[in-house]
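# Understanding the architecture of this molecule
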Amino acid sequence: MVSSDALTDSPQEASPKNPADPILLSLFANRFMSIAEAMGRSLQQTAISTNIKERLDFSCAIFAPNGDLIANAPHLPVHLGSMSFAVRYQINLLGEDLHEGDVILSNHPVAGGSHLPDITCITPVFKDGKIVFFTASRGHHADIGGILPGSMPPTSKTIFDEGAQIKSFKVVDKGEYQREELLRYLVDEPAKYPGCSGTRCLSDVESDLRAQIAANNKGVKLIDAMVEEYSLETVQDYMLHIRDNAELAVRNLLKEVAKQQKTNELNAIDYLDDGTPIQLKVTIDPKEGSAVFDFEGTGAEIYGNLNAPVSVTYSAIIYTLRAMVDLDIPLNQGCLVPITVKLPKGCCLDPSDTAAVVGGNVCTSQRVTDVVLKAFQACAASQGDCNNLTFGAEGYGYYETICGGSGAGPTWEGTSGVHTHMTNTKITDPEVLERRYPTILHQFSIRKGSGGKGLHNGGDGVVREIEFLESCSILSERRTYRPYGMAGGEDAQCGRNTWIKQAREGDADAKSGVRRINLGGKATVKMGKGDRIEIWTPGGGGWGKVGGDKNVQSKRSKPGRGDARGSVADRDSEQLGA
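The sections below set out a description of the structure shown in this document. (Residues numbered from 1 in each chain as written. Predicted model: local features only at pLDDT ≥ 70, side-chain atom pairs only at ≥ 80, totals over all residues. Heavy atoms only, no water.)

### What to know about the overall build of the protein
When helices and strands are counted, the protein shows 11 helices and 21 strands. Taken over C-alpha atoms, the radius of gyration comes to 23 Å for the protein, in line with the 25 Å a tight globule of 578 residues would show. Split into buried and exposed, the 578 residues of the protein put 61% on the buried side. For the protein, the share of sequence-separated contacts (at least 6 apart) that also reach a separation of at least 24 residues comes to 73%. Of the roughly 21,700 Å² of accessible surface on the protein, a fraction of 49% belongs to carbon and sulfur atoms. (Helix = DSSP H or I, 4+ residues; strand = E, 2+ residues; numbered from the N terminus. Rg over C-alpha atoms; globule rule 2.2 N^0.38 Å. Buried < 20%, exposed > 50% of the residue type's maximum accessible area, 1.4 Å probe, protein only. Contact = heavy atoms within 4.5 Å. Areas by Shrake-Rupley, 256 points an atom, 1.4 Å probe, with all protein chains shown as cover.)

Structure follows, in structure tokens:
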């Protein structure tokens with residue numbers, strides 16, 4: 001059994017030297033967040049790949065000298081909760097070997113990574129020769145090698161199939177850019193494994209990494225300006241006050257949950273499509289406002305890629321706790337102070353160092369989220385998947401995640417056609433997709449009736465149908481087990497992946513006519529002339545019995561932030577404001 005104490009060991013920051021002023025507390029919380037948002041805008045504007053520039057598959061955040069998450073922009077929860085593991089790993093590994101002008105790259109699960117395409121860029125912030133903060137950004141890169149274009153292979157069995165592995169590499173060493181060593185990591189090393197290639201689009205990956213370095217530097221300058229304005233002692237004091245405020249909010253949440261549900265023990269179980277259970281028991285101490293999240297009973301490491309790094313499980317927990325808190329606070333490390341996490345050694349949430357994990361970040365993380373929300377009876381399940389589609393050839397690789405339905409809650413309907421929970425990305429615009437890649441988008445529509453019915457209906461999934469000629473891979477879940485309803489609400493419909501295959505002489509099926517072939521949840525196929533892939537994504541579960549009285553309000557309140565938030569919503573609001 002692995003406990004959180006063993007995984008999150010880092011020097012604890014001292015207590016604040018001065019009491020908090022409520023106005024300054026709010027000011028600094030927003031000031032820290034605005035720095036992370038400015039980093040994100042810089043990254044988006046200077047990146048060139050569709051993954052970062054169009055889909056917004058990146059995250060930026062600020063960290064304390066010990067690696068604790070302080071504040072983040074509203075980017076991807078699966079990145080934000082795990083990035084502190086990556087920062088701490090470098091602190092413990094490099095120690096005194098961190099200098100001004102250094103920038104570290106890392107993507108390995110052992111080093112706090114989520115999956116290999118997500119490369120983390122970490123920059124220490126110095127004041128008078130001492131590290132006072134870290135800035136970090138994590139972006140999903142178009143192709144970092146491995147057995148298939150796009151580096152999201154649905155059939156990977158070990159981490160070596162999934163591309164470049166970087167535990168710790170100073171891409172900038174005391175101000176000097178280390179390009180030759182970067183090429184070794186991205187091009188030479190991944191190609192050493194049978195059937196694998198190095199990155200298939202080096203120029204895109206290197207350009208996006210340079211954009212991450214620039215975004216981190218933007219954060220460093222803004223932190224320097226804030227320290228100059230308020231003094232280092234004041235800034236770090238409020239860093240600690242923000243953490244303590246988040247801790248208090250979570251403790252109050254746990255006490256309220258124990259009181260409302262009239263029990264100190266919450267239980268839930270859900271399953272991956274291969275039958276692997278994700279099981280959770282939450283034991284709350286209502287006096288202290290603390291809890292133990294025990295995943296005993298979760299399935300063993302999987303011979304496939306649905307294993308999730310430890311840091312990804314923490315991402316799901318910190319995200320769900322923050323989502324249930326009815327206060328406008330930054331997501332930060334304070335949310336986890338009252339929490340102890342127990343993971344069975346060797347389970348799919350704590351796999352071995354060489355286990356394949358590319359699907360754990362995008363599929364299993366969603367199931368962990370579903371299980372936590374089910375235990376707290378917070379809302380019905382959302383689509384529980386990212387519907388990962390990749391295609392490409394030598395010279396390029398394309399990757400996208402496809403939206404679905406969100407789950408309904410005690411006072412709200414689910415939303416149709418939206419990215420949910422651990423992902424918070426945007427899908428590539430049709431015009432951009434067809435201009436930059438050899439594809440035709442035939443259909444992108446709401447899948448009517450796929451959401452669960454209830455007093456409040458779950459959101460519907462979507463139908464996305466694309467034609468192209470290259471190898472195509474789909475990595476998805478919720479094709480067997482339906483997203484659950486809650487409080488009497490109905491389950492949502494599962495998803496489906498269909499290959500619409502034209503008859504061809506070379507395939508010995510010239511007389512068969514057009515065939516519709518169910519690909520299952522995970523498959524790779526070689527598309528031909530006129531072939532299309534049609535993806536039906538899952539809906540969200542319903543809440544409450546159909547025909548119930550909507551005027552009877554639940555004791556559980558609606559989430560405190562009712563307005564749309566997140567990277568996509570924030571960008572849209574900026575455009576409207578302009």
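Okay, back to it.
### Some points on helix H4 (residues 77-94)
Helix length check: H4 (18 residues) gives 27 Å between terminal C-alpha atoms against 26 Å at 1.5 Å per residue, within 8%. Met83 marks the point of greatest bend in H4, at about 35°. Counting buried positions along H4 gives 15 out of 18 residues, so the element sits mostly inside the fold. Gly95 occupies a position one or two residues after H4 and carries a positive phi of about 50°. (Expected span 1.5 Å × (residues − 1). Bend = angle between axes of the 7 residues up to and from the residue.)

### Details of the environment of Ile284
Note on placement: Ile284 falls in strand E10 (residues 277-285). Given the relative accessible area of 4%, Ile284 is considered buried. For Ile284 and Val257, which are 27 residues apart along the polypeptide, the C-alpha to C-alpha distance reads 8.8 Å. Excluding anything up to four places from it in sequence, Ile284 contacts Leu254, Val257, Ala258, Asn264, Leu266, Ser290 and Ala291.

### Some remarks on the packing of helix H6 (residues 202-230) against helix H7 (residues 232-261)
Put simply, H6 and H7 touch, their axes get as near as 6 Å, and they point 110° apart. Regarding the angle of H6 to H7, the classification is roughly perpendicular. Here Met226, Val227 and Tyr230 of H6 lie close against H7, whose contacting residues are Leu232, Thr234 and Val235. Across the contact of H6 with H7, the residue classes break down as five nonpolar, one polar and no charged. (Axes fitted to C-alpha atoms, helices over the stretch in contact; angles between N-to-C directions. Parallel < 35°, antiparallel > 145°, perpendicular 65-115°, else oblique. Nonpolar A, V, L, I, M, F, W, Y, C, P; charged D, E, K, R; others polar.)

### Let's talk about the side chain of Thr439
For Thr439, the location among the structural elements is in the loop between helix H10 (430-436) and strand E15 (440-447). Using a relative accessible area of 8% as the deciding quantity, one classes Thr439 as buried. If near-sequence neighbours (up to four positions away) are discounted, Thr439 is found in contact with Phe391, Leu433, Glu434, Ile466, Glu467 and Phe468.

### Notes on the sheet that holds strand E2 (residues 58-63)
One open sheet accounts for seven strands, arranged E3-E2-E6-E5-E4-E7-E8; its pairing is antiparallel. Every interior strand has two partners, whereas the edge strands, strand E3 (69-72) and strand E8 (176-177), have only one. Of the pairings in the sheet, the one linking E2 to E3 comprises three bridges and is antiparallel in character. When the bridges of E3 are listed, Phe63 appears paired with Leu69. The sheet contacts of H7 involve E3, strand E5 (118-127) and strand E6 (130-140), and relative to E6 the element is tilted by about 55°. (Pairing = 2+ DSSP bridges.)

### Some words on unusual backbone geometry
Positive phi outside glycine occurs at Asp128, with the angle close to 55°. Along the chain, Asp128 falls in the loop between E5 and E6. According to the relative accessible area criterion, Asp128 is exposed, its value standing at 76%.

### Observations concerning the pairing of strand E20 (residues 522-526)
Of the two faces of E20, only one is covered, namely that formed by Ala523 and Val525; the face formed by Lys522, Thr524 and Lys526 stays uncovered. As paired elements, strand E17 (residues 471-475) and E20 share five bridges and run antiparallel to each other. Residue pairing in the sheet places Leu475 in a bridge with Lys522 of E20.

### Observations regarding the packing of helix H5 (residues 179-188) against H6
Contact pair H5 / H6: the axes reach a minimum separation of 12 Å and the direction vectors enclose 125°. When the axes of H5 and H6 are compared, the pair comes out oblique. The way H5 lies across H6 gives a crossing that is right-handed. Residues Arg179, Leu182, Leu183, Leu186 and Val187 of H5 pack against Leu202, Val205, Glu206 and Leu209 of H6. Its residues assigned to classes, the contact of H5 with H6 shows seven nonpolar, no polar and two charged. (Left-handed = near helix turned anticlockwise from the far one by under 90°.)

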